[in-house]
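# Observations on the three-dimensional arrangement
Residue strings, one per chain:
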Amino acid sequence: MSGAPVVDVKGLWTVYGDLVVHRDLDFSVMPGEVVSLVGGSGSGKTTLLRQILGLERPHRGSIRVFGVPLHTCDPGLFKKIRKRWGVLFQHGALYSALSVFDNIALPLRELHAFDADFIRDIVMVKLDAVGMDKRHASTMPADLSGGMIKRVALARALVLEPELVFLDEPTAGLDPDRSEAFVKLVRDLHIKLNFTVVMATHDLDTMVSVSDRIAVLADQKVVVCGRLDEVVRYDHPFIRDFFLGERGRRALSAAPALQTN
Ligand SMILES: Nc1ncnc2c1ncn2[C@@H]1O[C@H](COP(=O)(O)OP(=O)(O)OP(=O)(O)O)[C@@H](O)[C@H]1O
Ligand SMILES: [Mg+2]
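The rules behind each value
Residues numbered from 1 in each chain as written. Chains lettered and ligands numbered in written order. Predicted model: local features only at pLDDT ≥ 70, side-chain atom pairs only at ≥ 80, totals over all residues. Helix = DSSP H or I, 4+ residues; strand = E, 2+ residues; numbered from the N terminus. Contact = placed C-beta atoms within 7 Å. Pairing = 2+ DSSP bridges. Axes fitted to C-alpha atoms, helices over the stretch in contact; angles between N-to-C directions. Near = placed C-beta within 6 Å. Nonpolar A, V, L, I, M, F, W, Y, C, P; charged D, E, K, R; others polar. Buried ≥ 20, exposed ≤ 12 C-beta atoms within 10 Å, placed from the backbone. Core = buried A, V, L, I, M, F, W, Y, C linked by C-beta atoms within 7 Å.

## Examining the environment of glutamate 169
Along the chain, the position of glutamate 169 falls in the loop between β7 (164-168) and α6 (176-193). Sequence-wise, glutamate 169 and leucine 88 are 81 residues apart; in three dimensions their C-alpha atoms are separated by 8.5 Å. In contact with glutamate 169, not counting residues within four places along its chain, are Gln90, Ala200, Thr201 and His202.

What follows is the structure, encoded as C-alpha cells:
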C-alpha cells in the first residue's frame, strides 16, 4: 500500500446536542486496502461513514477523500468526487418501488450521459458480476431474499465502477452461509477490480476473512487501527470482549494472520 491516503480523517468531532459521538478521531485508508470498522452498537460507525461521505458536516476536524477536503470544497468538485465512490447503506439498501433493474440503473441514469442500450448492458454485466441471474432484473425488492437484496445493493454500489466502496454492515441479517458467500464475492471483486473498501461490521468472520486492517471505534475515537494480530494484542476492554470471547476465538482460529504468529 503506497501513495496518499484515499480517506483521511483528522481531529474529527461529531456532536449532537449533549452527545459527543466522535472526539478528536483520526482515521485513514490507503489505496487498495480493505479496512473494517468495528465497535459496539452506537459507537459511531455509521455516523463516521456519513461524515466521510459528506452527508453530515463535522463539528470540528478535517475529512479528505481522494485528497479533497469534502466539507469546504466547491459543490461542483464534490459532485465529481462522489462519482468515484459506491455505497451500500446499512438500512434501506434498495428502493422498494423500483425493480432490480431500475435500482441498479439509477446511478447511471442520474448522470444523464448514457443511452438506454448502454445502461441495459452495464446493468446486466453488474447483475452477473454479483452472481444474480438476469431473469431477476424485473423482480421487485419485496420478492427477493435477504442475500439477494445485498447482492443487488452491491451491484448498484459498483455500477459506476468506483475506486472506493463503503459497506455498512453488509452481512447483517444474513445466515452464516450467505454471509460467507457475500464476503467471498466482495473479496473476489476487490481482487478483480482493485477498489478500496471501507466496511463497518459486527461480523467477526466477515472481518477476519476480508480485512487488511481493522479500525476499532471505542471511547469516541479509533483506539487502534492495524492488522488483526496487532489489534488483538492491543489492551482494551472492547477488544477483549469482542475478539477474545468464545465466538471471537473461533473466528480467529481460522485467521491466517494469527496462525503465522
Ligand atoms: N442525526 C442524529 N442526531 C442525533 N443523534 C444521532 C444522529 N445520528 C446518530 N446519532 C447517535 O450517534 C450515535 C452513533 O450512532 P451510529 O449509528 O453511528 O452507531 P453505529 O456504531 O453505526 O451503531 P450500529 O452498530 O448499531 O449500527 C448513537 O448514539 C446515535 O443515536
Ligand atoms: Mg451503524
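Alright, that's what it looks like, and here's the rest.
## Here we look at the sheet that holds strand β6 (residues 85-88)
Within the open sheet, the six strands sit side by side as β6-β7-β8-β3-β9-β10. Their pairing is mixed. At either end of the open sheet lies a strand with only one pairing partner, and these are β6 and β10 (221-226). Each strand axis lies, on average, 15 degrees off the axis of its neighbour in the sheet, ignoring direction. When strand β9 (residues 213-218) meets β10, the two strands line up antiparallel, connected through five bridges. Of the residues in β10, the one forming a bridge with leucine 217 is valine 222. The strands touched by helix α5 (residues 146-158) are β6 and β7; relative to β6, the strand with the most contacts, the crossing angle is about 165 degrees.

## Things to note about the sheet that holds strand β1 (residues 7-16)
Taken in spatial order, the four strands make up an open sheet running β2-β1-β4-β5, and their pairing is antiparallel. Two strands in the sheet have a free side with no partner beyond their single neighbour: β2 (19-29) and β5 (68-69). Relative to β5, strand β4 (residues 60-65) runs antiparallel, the two being bridged by two bridges. Paired with arginine 64 across the two strands is proline 69, which belongs to β5. Its contacts with the sheet put helix α1 (residues 45-52) on β1, β2 and β4, and the angle it makes with β1 is roughly 120 degrees.

## Comments concerning the site of ligand 1
Residues in close proximity to ligand 1 include Tyr16, Leu19, Val21, Gly39, Ser41, Gly42, Ser43, Gly44, Lys45, Thr46, Thr47 and Gln90, which together make up its full environment. A per-class count over the shell around ligand 1 returns three nonpolar, eight polar and one charged.

## Details of the environment of serine 209
Looking at the element boundaries, serine 209 is found in helix α7 (residues 204-210). The exposure class assigned to serine 209 is partly exposed, which follows from the 18 C-beta atoms found within 10 Å. With 37 residues separating them along the chain, serine 209 and alanine 172 place their C-alpha atoms 16 Å apart.

## Examining the nonpolar core
Leu37 and Ala215 are the most contacted members of the largest nonpolar core, which has 66 residues in total. Examining the composition of this core, we find that seven residues originate from one element, α5, more than from any other. Excluding anything up to four places from it in sequence, leucine 37 contacts Lys45, Leu48, Val198, Met199, Ala200, Ala215 and Leu217.

## Considering the pairing of β7
On a regular strand, each side chain points to the face opposite its neighbour's, so the side chains alternate between the two faces of the sheet. Counting buried residues in β7 gives five out of five residues, a clear majority hidden from the surface. The two faces of β7 match: Leu164, Phe166 and Asp168 on one face and Val165 and Leu167 on the other face are all buried. Examined bridge by bridge, β6 and β7 share four bridges and lie parallel to one another. The partner of valine 87 across the bridge, within β7, is phenylalanine 166. As judged from the five bridges shared by β7 and strand β8 (residues 196-200), these two strands associate in the parallel manner. Bridged to phenylalanine 166 within β8 is valine 198.

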